[in-house]
Amino acid sequence: MQRTLIGELGQHVGETVSISGWVDVRRDQGKMVFFDFRDRTGTVQGVCLPGSPALETAKEVGKEYVLRVEGVVNKRPEKNAVAGKVNGDIELEIKGIEILNPSEPLPFDISEDTSGIDEHVRAEYRYLDLRSARMQKNMRLRSEFIRRCREFLFKNDFVEIETPLLTESTPEGSRDFVVPSRLNPGKFYALPQSPQQYKQLLMTAGFERYFQTARAVRDEDLRADRGFEHTQVDIEMSFVEMEDVMNTVEAMITETVEAMGYTIKEKPFPRISYKDAMEKYDADKFDLRTPEEKEKGVLAYAWVVNFPFFEKTDEGGWTFTHNPFSMPIPEHVDWLMKGEHVDEILTTQYDLVCNGYESGGGSIRAHKPEILEAVYKIMGMTGQELEERIGHMLKAFKFGTPPHGGIALGVERNIMNLTGETYLREVQAFPMTRGGQTAVMKAPKPLSEKQLAELHLAITPDATDHT
Ligand code: ASP
């Protein structure tokens, strides 16, 4: 018999159906056995009455067994109906049970919020953790957020293009994860800290509107809201100024979160300069919600603009605050080109803040080689070193690269805002532990002698001391 989804059982009262799913709850009352069955669409109560040919099997199965169950959909007696609950007014009178796969007792209870369970136990059995209602909700919400962003972008003429994972180290400001090359002994790839340079090259290539839900990998200190890997909705557009990118992103976010049933505190999103934000909130991320709005899950977005382009390094030189590929604001291009008033030069960077988190950031880019060169000159990089670092970008900009700019929205940060979760691990399917161990699988781990030899790698004794 064809499978009926549990969420659709209400349409089949009086009929014999077959459902497939998990045993959520089992209550053995001796003569009868009660169940709650669960599939991706919901739960339903099942009852195995005395005399049912399935009673023997019903007594054998336990929680989280996977079953195919045949039965008749009955209306529940009025007094037993659970008002306001999907399938609260029906139950399945069980006629047959086929065990598709039994389950050992679970290492922790997944019928409740699992956030209090030991992090390592949750990580080891992440696939069970993900079965819990809260994690199912969070992952489905994440999927919907990305889907709606994607739909908006397609509707607005963007092209989805993937960029390489094995690439060159980028000057994004964090440490790289590196991958040894078997074919090129002693040489290494880096995993992308962002698709920044490739997306700019796609503007040179004439795509004009690019996006990607891209994975970015950074070897940073781990925090509640920061892991080694994160996903970003990565966007780049040609022939634009700050306003154009900000307006596009604002429209995308508004359309997406409102369609998901959320309320935005203020539209258009308020804009505040970095200087004013620091004076008012002593931070460039701030929470504009009242306690009552926090309670209601309101989303308070704001743009922060007019960041300083450069900051002093410990050695007394200059480095970029956000992104070395940015353009200064138009009034300050001249200062940049002359290397004057460096501390006063403002960048075209725009950060999107929501409920106290930075949920996105981007800028208009330097699209002419001499502007990018001037940025690096201020940071003390010229000649051969410059050529090695960004020679490929300077070259590309000599072949008709249009003015362009873009942004990246952190998917996890956005989902944390939508769900109210405060830990990254609650919104990623397979997050790492705080110690950098992967979920379920056991990385990082040593390589075999054979693999090391193939990669021309030797491990120094002090490294093995730590393992
Ligand atoms: N590359 C930047 C980042 O990953 C975003 C951007 O400027 O588009 O943070």
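My aim in this report is to walk through the structure given alongside it, one point at a time. (Residues numbered from 1 in each chain as written. Predicted model: local features only at pLDDT ≥ 70, side-chain atom pairs only at ≥ 80, totals over all residues. Heavy atoms only, no water.)

**Side note on the packing of helix 5 (residues 196-204) against helix 11 (residues 383-396)**
(1) Moving on: Taken N-terminus to C-terminus, the directions of helix 5 and helix 11 make an angle of 20°; their axes are 10 Å apart at the nearest point. Relative to helix 11, helix 5 is oriented roughly parallel. Crossing of helix 5 over helix 11 shows left-handed handedness. Seen from helix 5, the contacting residues are Gln197, Gln200, Leu201 and Thr204; seen from helix 11, they are His392, Met393 and Ala396. (Axes fitted to C-alpha atoms, helices over the stretch in contact; angles between N-to-C directions. Helix = DSSP H or I, 4+ residues; strand = E, 2+ residues; numbered from the N terminus. Parallel < 35°, antiparallel > 145°, perpendicular 65-115°, else oblique. Left-handed = near helix turned anticlockwise from the far one by under 90°. Contact = heavy atoms within 4.5 Å.)

**Description of the sheet that holds strand 15 (residues 350-354)**
Think of a sheet as strands paired side by side through backbone hydrogen bonds, with each pair either parallel or antiparallel.
(1) Moving on: In spatial order, the strands read 6-9-10-17-16-15-12-11; together these 8 strands make up an open sheet with mixed pairing. Looking at strand neighbours, the two that pair on one side only are strand 6 (159-160) and strand 11 (271-273), the edges of this open sheet.
(2) Moving on: Two elements, strand 6 and strand 9 (residues 209-217), share 2 bridges in a ladder whose sense is parallel. For Glu160, the partnering residue across the bridge sits in strand 9 and is Phe211.
(3) Moving on: The strands that helix 4 (residues 133-155) touches are strand 6, strand 9 and strand 10 (229-238); relative to strand 9, the one it contacts most, it runs at about 150°.
(4) Moving on: In the packing of helix 7 (residues 274-281) onto the sheet, the strands contacted are strand 11 and strand 12 (301-305), and the crossing angle to strand 11 comes to about 85°. (Pairing = 2+ DSSP bridges.)

**A word on helix 5**
(1) Moving on: The set of residues buried in helix 5 consists of Gln196, Gln197, Lys199, Gln200, Leu202 and Met203.
(2) Moving on: In the core, the buried residues of helix 5 are packed alongside strand 9, strand 10, helix 11 and strand 17 (404-410).
(3) Moving on: Once helix 5 finishes, Gly206 follows within two positions and takes phi at roughly 90°, a positive value. (Buried < 20%, exposed > 50% of the residue type's maximum accessible area, 1.4 Å probe, protein only.)

**A look at unusual backbone geometry**
(1) Moving on: For the peptide bond that leads from Lys267 to Pro268, omega is -15°, which places it in the cis range.
(2) Moving on: Residue placement: Pro268 occurs in the loop between helix 6 (242-259) and strand 11.
(3) Moving on: Cis rather than trans, the peptide bond between Ala443 and Pro444 has omega equal to 0°.
(4) Moving on: Structurally, Pro444 can be placed in the loop between helix 12 (411-419) and helix 13 (449-454).

**Thoughts on the side chain of Ser20**
(1) Moving on: Mapped onto the fold, Ser20 is located in strand 1 (residues 16-28).
(2) Moving on: For Ser20, a relative accessible area of 15% gives the class buried.
(3) Moving on: Residues within four places of Ser20 in sequence aside, it is in contact with Arg3, Asp39, Leu67 and Arg68.

**Regarding the packing of aromatic side chains**
(1) Moving on: Per the counting criterion, the structure on display carries 9 aromatic pairs.
(2) Moving on: Plain terms: the ring middles of Phe177 and Phe228 are 5.1 Å apart, the flat faces sit at 75° to each other, and that makes the pair edge-to-face. Of this pair, Phe177 sits in the loop between strand 6 and strand 7 (178-180) while Phe228 sits in the loop between strand 9 and strand 10; the two residues are 51 residues apart in sequence, bridging distant segments of the chain.
(3) Moving on: The exposure class of Phe177 is partly exposed, given its relative accessible area of 25%.
(4) Moving on: Judged by centre distance (4.4 Å) and plane angle (20°), the ring pair of Tyr281 and Phe286 falls under stacked.
(5) Moving on: The cationic tip of Lys312 hangs over the ring face of Trp318; the distance from NZ or CZ to the ring centre is 4.1 Å.
(6) Moving on: Just above the ring of Tyr423 sits the side chain of Arg425; from NZ or CZ to the centre is 4.5 Å. (Phe/Tyr/Trp six-rings, centres within 6.5 Å; stacked < 30°, edge-to-face > 60°. Lys NZ or Arg CZ within 6 Å of the ring centre and 35° of its normal.)

**Describing helix 4**
Residues lying three or four places apart along an α-helix face the same way, a consequence of the helix completing one turn every 3.6 residues.
(1) Moving on: Its 23 residues place the ends of helix 4 33 Å apart at the C-alpha level, agreeing with the 33 Å of an ideal helix rising 1.5 Å per residue.
(2) Moving on: Among all positions of helix 4, only Arg134, Met135, Asn138, Leu141, Arg142, Phe145, Ile146, Cys149, Phe152 and Leu153 are buried.
(3) Moving on: As for helix 4, its buried residues are in contact with helix 2 (119-124), helix 3 (126-129), strand 9, strand 10, helix 6 and helix 12.
(4) Moving on: Backbone geometry just after helix 4 places Asp157 at a positive phi near 75°. (Expected span 1.5 Å × (residues − 1).)

Remember that the coordinates give geometry; whether it matters functionally is a separate question.
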